[in-house]
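Notes for the structure review
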Amino acid sequence: MAKIGFIGLGHMGLPMAINLVKAGHEVQGFDLQAKALAEFKEAGGFPIKGLSGFDKRGCMITMLQTGEQVKKVCIEKKLFQQMQAGALFIDCSSIDVPTTQFIQAEAKKLSLQIVDAPVSGGVAGASAASLTFMVGGEEEAFSEAKKILETMGKKVIHAGQGGSGQAAKICNNMILGVTMIAVSEAFLLADKLGLSAQKLHEVVSNSSGQCWVMNSYVPVPDVLPNVPANNQFKPGFTAAMMLKDLNLSQSSAKSVGLETSMAAKAALLYQHFVDKGHAEVDFSGIRLVD
Ligand code: NAD
């Protein structure tokens, strides 16, 4: 069993780290929130007080919000310098490609193995160990990472060289943001036309409009179990995080001179939603929360 250090025990990181514990790994964990550390300890993990407490020999995993946070932990706080040469670093956060490539270059200077491995599947997938991992990095590092990632997910895909995992995630969430708005507006229209939410779901989830939002993450209450809409849109995946990802799609598109008009509009709508004070509302509240 491996020695693993896990940084970022939030909505996603905590259930992911707990699945590593359940699989019998020796898992150290760190987060800025005392509550997260307490829950991690209760589940059998070893909380530590600061980055210097991690075992140097272990594999390190980060599940943070942004590229700035990952850079801060790895470079400014010198996590990489503490790790033993040859050790594996896996970043599961959803961040931009240039920051990922910068971090990977810094890791390689210290002879670390490194992959970017963002995830899809949400908190439910993190809890059920059924995430999809999209991984960027060299073959050898991918093979090492796969053994660990399989404990937390059902599908581990080698997307290509360093940064390819993030490229895949950015494209995936561009689709997710756009479809969340489209599906939400379909529910609003159905209601005005006198069609129940249950019937719309039954029809579309078996028709050509089906998609992950309609089939698994319906944004109206009491159609599917265990979705944020049933719980006053408590996240889940916050609107702020979706806005971050849509903005990543726009900066990526701009960097290659591409116009992505639907995602540009979705980014504007999420920006308005966040500006209205809904940053911490689940992203599925976009058209249903005033
Ligand atoms: P979160 O805010 O719930 O968790 C991030 C955690 O990192 C927090 O607990 C925070 O305290 C901690 N943190 C921040 N800076 C730190 C530091 N310097 N040292 C230690 N801990 C620090 O976010 P989340 O929803 O778990 O998302 C994490 C990443 O996963 C994001 O990039 C997000 O886009 C992505 N993601 C989220 C979901 C989802 O459904 N929530 C799904 C797929 C991908």
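Our structure's up above, just so we're on the same page.
Residues numbered from 1 in each chain as written. Predicted model: local features only at pLDDT ≥ 70, side-chain atom pairs only at ≥ 80, totals over all residues. Heavy atoms only, no water.

Concerning the overall build of the chain
Our working definition: Secondary structure is summarised from DSSP: a helix means a run of H or I of at least four residues, a strand means a run of E of at least two, and numbering begins at the N terminus for each. Restricting the calculation to C-alpha atoms gives the radius of gyration, and the globule rule supplies 2.2 Å times the number of residues raised to the power 0.38. Whether two residues touch is decided by their heavy atoms; if any such pair falls within 4.5 Å, the residues are in contact. Counted charges follow a simple rule, with Lys and Arg positive, Asp and Glu negative, and His plus the chain ends left uncounted. Lysine's charge is taken at NZ, arginine's at CZ, aspartate's at CG and glutamate's at CD.
Per the secondary structure count, the chain includes 12 helices and 9 strands. Expected size for 290 residues packed as a compact globule is a radius of gyration near 19 Å; at 19 Å, the chain falls within 12% of this value. Across its three principal axes, the chain shows a C-alpha extent of roughly 65 × 45 × 35 Å. Taking the intrachain contacts of the chain between residues at least 6 apart in sequence as the baseline, contacts between residues at least 24 apart amount to 62%. In the chain, the 26 positive side-chain charges and the 26 negative ones have mean positions that sit 3 Å from each other.

Quick notes on helix H5 (residues 97-109)
Spelled out, the test is: By this rule the span expected of a helix is its residue count minus one, scaled by 1.5 Å. Each residue's exposure class comes from its accessible area (1.4 Å probe, protein chains only) as a fraction of the maximum for that residue type: buried when under 20%, exposed when over 50%, partly exposed otherwise. Along the arc lie the directions from the helix axis toward the C-beta atoms.
Compared with the 18 Å implied by 1.5 Å per residue over 13 residues, the 19 Å span of H5 between its first and last C-alpha is a close match. Considered for burial, the residues of H5 that qualify are Val 97, Thr 99, Thr 100, Ile 103, Gln 104 and Ala 107. Take H5 and look down its axis: the buried residues cluster within an arc of 155°, on one side only. Within H5, the exposed residues directed more than 90 degrees away from the buried face are Pro 98 and Lys 109. Contacts made by the buried residues of H5 are with helix H3 (67-76), helix H4 (79-82), strand S6 (113-116), strand S8 (131-136) and helix H8 (164-192). Looking one or two residues past H5, Ser 111 carries a phi angle of roughly 60°, positive in sign.

A closer look at the nonpolar core
For clarity, the cut-off: The term nonpolar core refers to a set of buried residues drawn from Ala, Val, Leu, Ile, Met, Phe, Trp, Tyr and Cys, joined through side-chain atoms within 4.5 Å.
In terms of nonpolar packing, the biggest core is built from 34 residues, with Phe 6, Met 16, Ile 61, Ile 90, Cys 92, Phe 133 and Leu 149 touching the most fellow members. Contributions of two or more residues to this core are made by strand S1 (3-7), helix H1 (13-22), helix H2 (34-42), strand S4 (59-62), strand S5 (88-91), S8 and helix H7 (139-149). The leading source of residues in this core is H1, at 6 residues. If we ignore the near neighbours within four places in the chain, the residues touching Ile 61 are Ile 4, Gly 5, Phe 6, Ile 7, Leu 20, Ile 90, Cys 92, Ile 148 and Met 152.

Overview of the side chain of Gln 104
Summarising the element assignment, Gln 104 is placed in helix H5. The buried category is assigned to Gln 104, whose relative accessible area is 5%. Setting aside residues no more than four positions away along its own chain, Gln 104 makes contact with Ile 114, Val 115, Asp 116, Gly 136, Gly 162 and Gly 163.

A few points about the site of the ligand
Operational definition: For this purpose, a residue is taken to be near a molecule or strand whenever a single non-hydrogen atom of the residue falls within 4 Å of it. N or O atoms within 3.5 Å of each other form a polar contact, as long as, within protein, one can give a hydrogen and the other can take it, and as long as residues adjacent in sequence are counted only when both atoms are side-chain atoms. In short, Shrake-Rupley with a 1.4 Å probe defines the accessible areas, and a residue's cover is counted only from the protein chains shown.
If you check the shell around the ligand, you find 26 residues, and the closest are His 11, Met 12, Asp 31, Gln 65 and Lys 244. Here an oxygen atom of the ligand and a backbone polar atom of Met 12 are 2.9 Å apart. In this structure, an oxygen atom belonging to the ligand sits 3.0 Å away from a main-chain N or O atom of Ser 94. Within the complex, the protein chains bury 90% of what would otherwise be the 820 Å² of accessible surface of the ligand. Where the shell around the ligand is concerned, the elements lending two or more residues are H3, helix H6 (122-127) and helix H11 (239-255). A total of 3 residues in the shell around the ligand trace back to one element, the largest contributor, which is H11.

Looking at the packing of H8 against H11
As a reminder of what qualifies: Between the N-to-C directions of two axes lies an angle of 0 to 180 degrees, each axis being a line fitted to C-alpha atoms and, for a helix, fitted only over the stretch in contact. Just so you know how the angles are binned, under 35 degrees is roughly parallel, over 145 roughly antiparallel, 65 to 115 roughly perpendicular, and the rest oblique. Crossing handedness: left-handed means the near helix sits turned counterclockwise from the far one by under a right angle, and right-handed means the same turn made clockwise.
Here H8 crosses H11 at 120°, and the two axes come no closer than 9 Å. The pairing of H8 with H11 is recorded here as oblique in orientation. Relative to H11, H8 is oriented so that their crossing is left-handed. Residues Ile 170, Asn 173, Met 174, Leu 176 and Gly 177 of H8 lie in contact with H11, whose contacting residues are Met 242, Asp 245, Leu 246, Leu 248, Ser 249 and Ser 252.

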